[in-house]
Amino acid sequence: MRPPLLAIVLPCYNESAIITSTVERLQQLLNDYVAQSLIAAESYLLFVDDGSRDNTLELLRQHKSAQVKTLKLSANCGHQSALLAGMHFVTGKCDCMISMDADLQDDINCTKAMLEAYLRGAQLVYGVRQSRGNDTWFKRKTALWFYGLMHKLGVNLVYNHADFRLLSNQVLHEFGRYREVNLFLRGIFPRMGFTNATVYYDRQDRTAGETKYPFRKMLNLAVNGITSFSNVPLKIITYVGFLVFIGSLLASFWVIFVILTGRNAPGWASITLPIYFLGGVQLLALGILGEYISRIYLETKQRPVYHIEEVIE
Ligand code: UDP
Ligand code: MG
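Computed from a predicted structure; not experimentally measured. (Residues numbered from 1 in each chain as written. Chains lettered and ligands numbered in written order. Predicted model: local features only at pLDDT ≥ 70, side-chain atom pairs only at ≥ 80, totals over all residues. Heavy atoms only, no water.)

Student: It is not clear to me how the sheet that holds strand β8 (residues 308-312) should be interpreted in this structure. Could you clarify?
Tutor: Strands belonging to one sheet form pairs held by backbone hydrogen bonds; the direction of such a pair is parallel or antiparallel. Strand order across the open sheet formed by eight strands is β7-β5-β6-β4-β1-β2-β3-β8, with mixed pairing between neighbours. At either end of the open sheet lies a strand with only one pairing partner, and these are β7 (196-202) and β8. With direction set aside, neighbouring strand axes in the sheet form an average angle of 20°. Here four bridges tie strand β1 (residues 6-12) to strand β4 (residues 96-99), and the two strands are oriented parallel to one another. In the strand pairing of β4, leucine 6 is matched with cysteine 96. Of the strands in this sheet, β5 (124-131) and β6 (161-168) are in contact with helix α7 (residues 185-192), which crosses β6 at around 45°. (Pairing = 2+ DSSP bridges. Helix = DSSP H or I, 4+ residues; strand = E, 2+ residues; numbered from the N terminus. Axes fitted to C-alpha atoms, helices over the stretch in contact; angles between N-to-C directions. Contact = heavy atoms within 4.5 Å.)

Written as structure tokens, this is what we have:
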């Protein structure tokens, strides 16, 4: 059997400190696999430059070859959209693809186990972190809470799996039918089914450059993940509203009782507390509704989430 044509897709944003070593290490990896007849000789790397402001793109240009291709996006549109651009681009142009971060924090040698799983028939292979390297305490904790929360909300996620995965071309084709603007890839693949496999690895530290996922982007990803996969928060609003209603009903009985027994003293607490409480609950409810409505708004516009300015191949 002919070895599969592999495409490795790497979104990169301001990665000039590390990109050259990434290209070299991965080229070496591809050459090794080709020599072992694990993959076809035409296999390639596809870097997606997500509107970097440093010289990442120039460095990638210097490596241009049949083995190293680059998509230049017209502006920074975020990791998930950059990855999406790469996935759309390689659909139909490979037998399988592997996505990974350009900082190579995911163990690249693990790709061998992924390919072997693919050759045994898996269409989808998840790379799962066994350890999280020196991720900060904060990052580890928030990630843990997020997985726990998503699980409670009924969203099926692969625990400790980020965006290091292998997809067969068939899965890529099927994935192309998802037309969502609010993308949360980690939630989509588990629900697609297909024969899948899991490969474990130890997450390394970043060797150069710094994280491009500040707290703001992490929070954004989390909110997106929740609102695009679960309507439980909407239900919670309804329950809270119902509880508050029961509470006020009981309170009214109490007020009537106090009036009837003639013990009504001008009360400050009984007036102001409910005002604050109800005000808070209403704002929370409006906020959650707003989040969903903004998603609907974005989805109805069906705007493209990325623009390709140049294909360097
Ligand atoms: N990235 C991107 N666009 C962005 C932010 C990040 O393409 O707006 C890329 C980044 O270059 C890297 C990957 O997404 O290849 C993951 O980012 P990072 O390593 O900073 O995240 P962390 O590993 O700290 O979660
Ligand atoms: Mg990283």
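The discussion continues.
Student: Explain the packing of aromatic side chains here, please?
Tutor: Here the distance between the centres and the angle between the planes together describe a pair of aromatic rings. For the structure on display, the rule yields seven aromatic pairs. Both rings, one in phenylalanine 164 and one in tyrosine 201, keep their centres 5.2 Å apart while their planes meet at 90°; by these two values the pair is edge-to-face. Pair noted here: phenylalanine 164 is in strand β6 and tyrosine 201 is in strand β7, with a separation of 37 residues, a long-range link. As far as burial versus exposure is concerned, phenylalanine 164 and tyrosine 201 are alike and both buried. Ring centres 6.1 Å apart and planes at 20° place the aromatic pair phenylalanine 175 and tyrosine 178 in the stacked group. An aromatic cluster is present here, built from Phe146, Tyr147, Tyr159 and Phe184 joined pairwise through their rings. Above the plane of the ring of tyrosine 44 lies lysine 69, whose end atom (NZ or CZ) is 4.7 Å from the centre. For lysine 93, the ring lying beneath its charged end belongs to phenylalanine 89, and the centroid distance is 3.7 Å. (Phe/Tyr/Trp six-rings, centres within 6.5 Å; stacked < 30°, edge-to-face > 60°. Buried < 20%, exposed > 50% of the residue type's maximum accessible area, 1.4 Å probe, protein only. Lys NZ or Arg CZ within 6 Å of the ring centre and 35° of its normal.)

Student: How should I be thinking about the side chain of aspartate 49 in this particular structure?
Tutor: Along the chain, the position of aspartate 49 falls in strand β2 (residues 44-49). Here aspartate 49 occupies a buried position and makes no salt bridge, while the nearest side chain of opposite charge, lysine 72, is found at 5.6 Å. A polar atom in the side chain of aspartate 49 sits 2.6 Å from the side chain of serine 52. Excluding residues within four positions of it along the chain, aspartate 49 makes contact with Cys12, Thr56, Leu57, Thr70, Leu71, Lys72 and Leu73. (Lys, Arg positive; Asp, Glu negative; His and termini not counted. Salt bridge = Lys/Arg side-chain N within 4 Å of Asp/Glu carboxyl O. Polar contact = N/O pair within 3.5 Å; in protein donor to acceptor, adjacent residues only side chain to side chain.)

Student: In this structure, what is going on with the packing of helix α3 (residues 79-90) against α7? I would like to understand it.
Tutor: Packed helices, taken two at a time, are described by the angle between their axes plus the distance between the axes. It is the contact of α3 with α7, at a shortest axis distance of 11 Å, that shows an interaxial angle of 50°. Relative to α7, the element α3 is oriented oblique. Across the interface between the two elements, Gln80, Leu83 and Met87 from α3 touch Leu185, Arg186 and Phe189 from α7. For the contact of α3 with α7, the class distribution of residues is four nonpolar, one polar and one charged. (Parallel < 35°, antiparallel > 145°, perpendicular 65-115°, else oblique. Nonpolar A, V, L, I, M, F, W, Y, C, P; charged D, E, K, R; others polar.)

Student: Got a minute to help me understand the nonpolar core in this structure?
Tutor: Across soluble globular proteins, nonpolar side chains have a tendency to be buried as a group. In this structure, Leu26, Phe47 and Met100 are the most contacted members of the largest nonpolar core, which totals 35 residues. Every element with two or more residues in this core is listed here: β1, α1 (19-35), β2, α2 (56-62), β4, α4 (110-119), β6 and β7. With six residues, α1 is the single largest residue contributor to this core. With residues up to four places along the chain from it excluded, the contact list for phenylalanine 47 reads Leu10, Cys12, Ile19, Thr22, Val23, Leu60, Val68, Lys69, Thr70 and Leu71. Counting 32 residues, the second largest nonpolar core, distinct from the first, contains Leu84, Val158, Leu172 and Tyr306. (Core = buried A, V, L, I, M, F, W, Y, C linked by side-chain atoms within 4.5 Å.)

Student: What is the right way to read unusual backbone geometry from this model?
Tutor: What you tend to see is this: most non-glycine residues have negative phi, and most peptide bonds are trans. Its identity as a non-glycine residue notwithstanding, leucine 104 has a phi of 55°, on the positive side. In this fold, leucine 104 is placed in the loop between β4 and α4. Phi angles above zero are rare outside glycine, and phenylalanine 194 is one such case at about 70°. Summarising the element assignment, phenylalanine 194 is placed in the loop between α7 and β7. Judged by relative accessible area, phenylalanine 194 falls into the partly exposed class, the value being 29%.

As far as function goes, none of this settles anything; it's purely spatial.
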